[in-house]
Amino acid sequence: MVVPGMYLADRYEILEKIGSGGMADVYKARDHKLNRLVAVKVLKQEFSVDETFVKKFRVEAQAAAGLSHPNIVNVYDVGEENGIHYIVMELVQGITLKKYIEMKGKLEIKEALNISVQIASGLQAAHDNRIIHRDIKPQNIIMSRDGKVKVTDFGIAKMADSTTVTTNAAGSVHYISPEQARGGYSDAKSDIYSLGITMYEMLTGRVPFEGETNVAVALLHIQGEMVPPRKLEPSIPRSFEKIILKCTQKKPERRYGSARELIADLRKVLTHPDGEYVNLTGVPVAANEQTVVLNGQGVSGVRNVRSSGSASPYSRNGAAQSRSAGTPSPNGRTSAEGSGSGMSSRPSETGSSNNRQYAGKNGQRRGEFDGDEDEDGVNPALEKVMMVLGIVGAVILVVVIFFIIGRAAGLFSGGGQTESAIESVSDTMIESESGSDSESFEEVDVPDLYNMTQQEAQSELRPYGLYLSIETGQSDDVDEGCIYRQSPSEGTTVSRGDTITVWINAGETESETEQVKVPDMTGYTYNQAATALSAQNIGIAEVRYEYSDEVDANYVIRTDPAAGTMVDPGSEVILYISNGPEQKTTTMPQVVGTTLADAKTLLQGRNLEVGQVTYESSDSVAEGRVIRASVSQGTTVDEGTAIDLVISTGPAETESESQTQSSYTGTIDFSSLGNPIGGLSEGETVTVLINVYNVSGAIVWTTGNITMGPGDWVTQYTVTSTNGEPVTWEVMIDGSSIGTGPVNMS
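Residues numbered from 1 in each chain as written. Predicted model: local features only at pLDDT ≥ 70, side-chain atom pairs only at ≥ 80, totals over all residues. Heavy atoms only, no water.

Peer 1: How should I be thinking about the pairing of strand β31 (residues 664-669) in this particular structure?
Peer 2: Pairing analysis gives six bridges linking β31 to strand β35 (residues 716-721), with the strands arranged antiparallel. Residue pairing in the sheet places Thr667 in a bridge with Thr718 of β35. (Pairing = 2+ DSSP bridges. Helix = DSSP H or I, 4+ residues; strand = E, 2+ residues; numbered from the N terminus.)

The following block contains the structure:
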C-alpha cells in the first residue's frame, strides 16, 4: 500500500495523492536524489497480480521513457518494490485539455491551431520512435501554466489496448478510431483519427458522436457520419474543417500519412484559411449528408436513400427494410445498406462509372466520390462471404444479449468460463463515459464474506462486479482456509470494479500468543522503520508528521504505542515522522523608496531586524530614501532575519558643482541625553549611528555605524555639509532612535 511519507527505491518520497485512473493512482513525490518534484504513477493492485500485464506494462513504460520532447510528459524512471509497480514522470502543473474546453465552451481558432500543432508534434516524436499512443483524448492532454501543451499516458494506453480491446473502447469510446472499435490492428493513423476528434471538440465544444451506451458510440465511429464542424460553428475556416475531415476518415489509408503532414497543413490555416491544399481524395465533397443515429438497442434511424424519385432499392415492395439492430453491415456500410434478408444491394447510379452520384433526400445529390474503390463492382463470391459473416455476427450478438438478459433475470446459475465471459461483456455495456480519466461504475453494497472460503467469496462477489484480494493471517475464530476479516466491511457502498481485501486463516493458533516488543526506531527512515516493524510482525496503521527540534526532517520521532511496549503479533502502530524544527516565516515588506525611519517600522512590524545601513548616491532615488534592501519585497524569510539597507545621498556631485556649492558647518550637542550606554557591562558593546538632516529631511552628514563600549560615549560633534544647511540630528542605538535635537550653526 502506498501512503504519504513512504519512500520508493530509497529515493522518491510520496507526498500526496493527486489523481486516480482506471489502472493506476498518481502521487506527487519528491526525488531526493535530484531534489525535484515528480509524479509517480502506481499500478493498481488488481493489475499487479497479473504477471503478463505487469511484464507488458514494464516494457511499454521503458519504451516511453526513451521519449524526450517538449510536448510529451517525460518518463524518468520505472521500477518495482515490494509488489508495487510504478512509473516516475515529469510533474506538470496545470489542467487537462478536457477541463479547459469545459471552462471555455469552445476554443478560438488560433488557440485550437496552436494546441493541435503541439499535440501533433508530440505524436510525431513518439511515432518516429515506433511508439503508438492509442488513447489520445483531451483527458490525456495537459495544459501547463506556461502555455506548453503536453501529451501524457504514453505506453499505458497502448498496454490497455493490447490486453483487451473492449476495456480500451469503454474508457475512451468518444475518441476511438474505427479500427480500434473493431478490435483490429491500429497504428500511427489511429492516433491521427483520435486527434481529429479532439480538434472537432476544441472547435465545437462537443464530440461528434453521442449514444446511450458505449457500444452505440463505438458503432457510430465504425459506420456513422458526423455533422461537419462548420455546420455547428460557421466561423471555422474551410481548410481547418477539411483537415478534421481528413483526420477522421473511416479508412486509415485516407487519413494523413503522418503527424508531420498534418502539422504542415495546420500551419497553413492562418495564412490560407480558404486554401485548397488539403487533399480529400475519396471524401464526400458535400457537407450536408445525413447522420446515422444509434442508441443502446441498435439503430434508431437509418439513411433513406432514393434514386430519381423511385422506391429505395433497399426496400421490399417500396417499404424500407433495416438490418438487425446495432449490427454493422459486413461490407462496412451503414446498417441501412441491405435488405431485410441480409442481402446487399447497391444504390442506383447516375452519371458515368468514374464519377457516380448518389441521390439524397428529395432527389438532391448526396455527394461525389473520386475514385472510391468501395463503389466499384463487388465480386459476387466475396459479397456472399461477407453476407454469411454478417449473419453469423448477428447470431452471436443475439446469443450474447440473450444470456445477459437471462442472467440478469436469474434464469441461469453456475459459473465457469461462459458466465465469466458474459459478465465481462455485461460490465462493458453498463460502463458510462464520465469525461474524466476515471471510469464510472454502478454503486453496490459489499456483502458479508465472514467464514467463507476463497472460492465461496469469489462466487459471492461475482454478481456485484467486485474483485477479491487475498491476505493471509491467523485467527482462532474460523477454520483454516476461511475468511476472518474483510475490508471494506459488510454493507459499505462501493463502485463496481472495486477490490475487496480479505484475510484468510492460514492455520490454527495457540490460545495464548506470545507478545512482541515495539522496537525503538527514533532516527529511522520510513523504510527502515517498516522493515524493523515487519520483523516483529507489527504493521503501520498511520503515518503522522510533526515538528521536532531534536530529530531531523523525514526521520522517525516516536511510535504509538511507545517503544518497548509489548503488543500482540499483527498489531499496528502509529508512526510519527519529523518535519524538522518549526521555523516561523514572514514576508519581506516593500521598503524601497521609504525613509529609513519608515523602513525600520515596516521591518519591525514583520519581526525582522535592521542590519547594516550604508549610503550611496543615486540619480533616481531622493536623498534619505531607501535605494534597495538585501532581501527583495515579497520574499518569504525566517522571522528575526537582519535586513541590510542602502540609503540614497542624492545625485552625485560634479566637480564644478562642488566648487560653487556653499559649505555649512554646525555643532551637535546632545549632552541632554546623558550617557545612554553608561550602563553597559565591561566588554559589552552596542551599535551607534548619528545622522544629520537638512530642512528637506535629507541626510547631509552621518557617522555611519560605530561600535561603542561603556566609556566610548561622546556628547558633541562638529559637522560640515555641502548638501544643505544642517537642521536636526538623530541618535540611534542598535537600530532604535533614542533622541533628536537641533544643530547649532556657527
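Now that the structure is up, let's keep going.
Peer 1: I'm lost on the pattern of salt bridges in this one. Help?
Peer 2: Here the idea is simple: oppositely charged side chains can pair when their charged atoms come close. Throughout the structure, instances matching the rule amount to 17 salt bridges. Its salt-bridge partner being Lys17, residue Asp25 comes within 3.7 Å of it at the nearest N-O pair. Classification of Lys17 as partly exposed rests on a relative accessible area of 47%. As a salt-bridge pair, Lys268 and Asp265 come within 3.9 Å of each other at their nearest N and O atoms. One end of the pair, Lys268, and the other, Asp265, are both in helix α12 (residues 259-268), three residues apart, so they sit about a helical turn from each other. Judged by its relative accessible area of 34%, Lys268 falls in the partly exposed class. Here the salt bridges share partners, and the residues they tie into one network are Arg11, Asp31 and Arg36. (Salt bridge = Lys/Arg side-chain N within 4 Å of Asp/Glu carboxyl O. Buried < 20%, exposed > 50% of the residue type's maximum accessible area, 1.4 Å probe, protein only.)

Peer 1: Honestly, the sheet that holds strand β6 (residues 84-90) in this entry has me stumped. Any pointers?
Peer 2: Sheet strands line up and pair through hydrogen bonds in the backbone, either parallel or antiparallel. Taken together, six strands build an open sheet; the order of strands is β1-β2-β3-β4-β6-β5 and the sheet is antiparallel. The sheet is open, and its two edges are formed by β1 (7-8) and β5 (75-81), each paired on a single side. Pairing analysis gives eight bridges linking strand β3 (residues 24-31) to strand β4 (residues 36-43), with the strands arranged antiparallel. Bridge assignment links Lys28 to a residue of β4, and that residue is Ala39.

Peer 1: Please clarify how the pairing of strand β2 (residues 12-20) should be interpreted in this entry.
Peer 2: On a regular strand, each side chain points to the face opposite its neighbour's, so the side chains alternate between the two faces of the sheet. By the bridge criterion, two bridges tie β1 to β2 in an arrangement that is antiparallel. Paired with Tyr7 across the strands is Glu13, a residue of β2. Joining the antiparallel neighbours β1 and β2 is a turn of three residues, in which Ala9 adopts a positive phi near 60°. Inspection of the sheet shows β2 paired to β3 by seven bridges, in the antiparallel sense. For Ser20, the partnering residue across the bridge sits in β3 and is Asp25.

Peer 1: I would appreciate a short explanation of the side chain of Glu201 in the present structure.
Peer 2: In this structure, Glu201 sits in helix α8 (residues 188-204). Residue Glu201 is classed as buried on the basis of its relative accessible area of 4%. At 2.6 Å, the side chain of Glu201 and the side chain of Tyr175 are in polar contact. With near-sequence residues (within four places) excluded, Glu201 lies in contact with Lys98, Ile101, Pro138, Tyr175, Arg206 and Val207. (Polar contact = N/O pair within 3.5 Å; in protein donor to acceptor, adjacent residues only side chain to side chain. Contact = heavy atoms within 4.5 Å.)

Peer 1: What should I look at first to understand the packing of helix α11 (residues 238-247) against α12 in this one?
Peer 2: In a pair of packed helices, the angle between the axes and the distance between the axes together describe the arrangement. Interaxial distance between α11 and α12 falls to 9 Å at its minimum, and their mutual angle equals 165°. Considering their axes alone, α11 and α12 lie roughly antiparallel with respect to each other. For the pair α11 and α12, the sense of crossing is left-handed. Between α11, through Phe240, Ile243 and Cys247, and α12, the contact on the second element is made entirely by Leu262, Asp265 and Leu266. (Axes fitted to C-alpha atoms, helices over the stretch in contact; angles between N-to-C directions. Parallel < 35°, antiparallel > 145°, perpendicular 65-115°, else oblique. Left-handed = near helix turned anticlockwise from the far one by under 90°.)

Peer 1: I keep staring at the nonpolar core and nothing clicks. Help me out?
Peer 2: Taken as a class, soluble globular proteins show a tendency for nonpolar side chains to be buried jointly. Core analysis: the biggest nonpolar cluster contains 63 residues, and Leu97, Ile119, Phe154, Met199, Phe240, Ile243 and Leu262 have the highest contact counts within it. The element contributing the most residues to this core is helix α4 (residues 109-128), with nine residues. Apart from the residues lying within four places of it in its own chain, the contact partners of Ile243 are Met199, Tyr256, Leu262, Asp265, Leu266, Val269 and Val278. Grouped together as the second largest cluster of nonpolar side chains are 28 residues, Tyr27, Leu533, Val567 and Val573 included. (Core = buried A, V, L, I, M, F, W, Y, C linked by side-chain atoms within 4.5 Å.)

Peer 1: Would you take a moment to explain α12 for this structure?
Peer 2: An α-helical turn contains 3.6 residues, so a residue and the one three or four places further along point in the same direction. Among the residues of α12, Ala259, Leu262, Ile263, Asp265 and Leu266 are the ones counted as buried. Angularly, the buried residues of α12 cover 165° about the axis, an arc narrow enough to put them on a single face. Here the buried face of α12 lies against α4, α8 and α11. (Arc of directions from axis to C-beta.)

Peer 1: What should I look at first to understand the confidence of the model for the chain in this one?
Peer 2: Parts of the model with low pLDDT should not have their predicted coordinates read in detail. Of all residues in the chain, 75% attain a pLDDT of 70 or more, and the chain-wide mean is 76. Contacts for the low-pLDDT stretch residues 159-171, under 50 throughout, to residues beyond four places or in other chains number 26 contacts. Note that residues 412-441 has pLDDT below 50 and, in this model, 52 contacts with residues that lie over four places away or in other chains. (pLDDT = per-residue confidence, 0-100.)

Peer 1: Whenever I open this one, unusual backbone geometry confuses me. Can you help?
Peer 2: Note on backbone geometry: most residues besides glycine have negative phi, and most peptide bonds are trans. Here the residue pair Ser487 and Pro488 is connected by a cis peptide bond, since its omega of 0° sits within 30 degrees of zero. Take Pro488: it is sitting in the loop between β18 (483-487) and β19 (493-495). Residue Pro561 is bonded to the preceding Asp560 through a cis peptide linkage, with omega at 5°. Tracing the chain through its elements places Pro561 in the loop between β23 (556-560) and β24 (566-567). Backbone geometry at Asn537 places phi at a positive 60°, although glycine is not the residue there. Counting through the fold element by element, Asn537 comes out in the loop between α16 (526-535) and β22 (539-546).

Peer 1: Where do I start with the sheet that holds strand β8 (residues 141-144) in this structure?
Peer 2: The three strands lie next to each other as β7-β8-β9, forming an open sheet whose pairing is antiparallel. Edge positions in the sheet fall to β7 (94-96) and β9 (149-151), since each of these pairs with one other strand and no more. Across the sheet, the axes of successive neighbouring strands diverge by a mean angle of 30°, strand direction being ignored. Sheet topology places β8 next to β9; three bridges connect them, and they run antiparallel. By the bridge assignment, Ile141 is partnered in β9 with Val151. Strands β7 and β8 of the sheet are contacted by helix α3 (residues 97-104), whose axis makes an angle of about 85° with β7.

Peer 1: Looking at this model, I keep getting lost on the environment of Glu233. Mind explaining?
Peer 2: Along the chain, Glu233 turns up in the loop between α10 (229-232) and α11. For the pair Glu233 and Lys106, spaced 127 residues apart in sequence, the C-alpha to C-alpha distance is 9.7 Å. Within the structure, Glu233 has its side chain in polar contact with the side chain of Ser235 (distance 2.6 Å).

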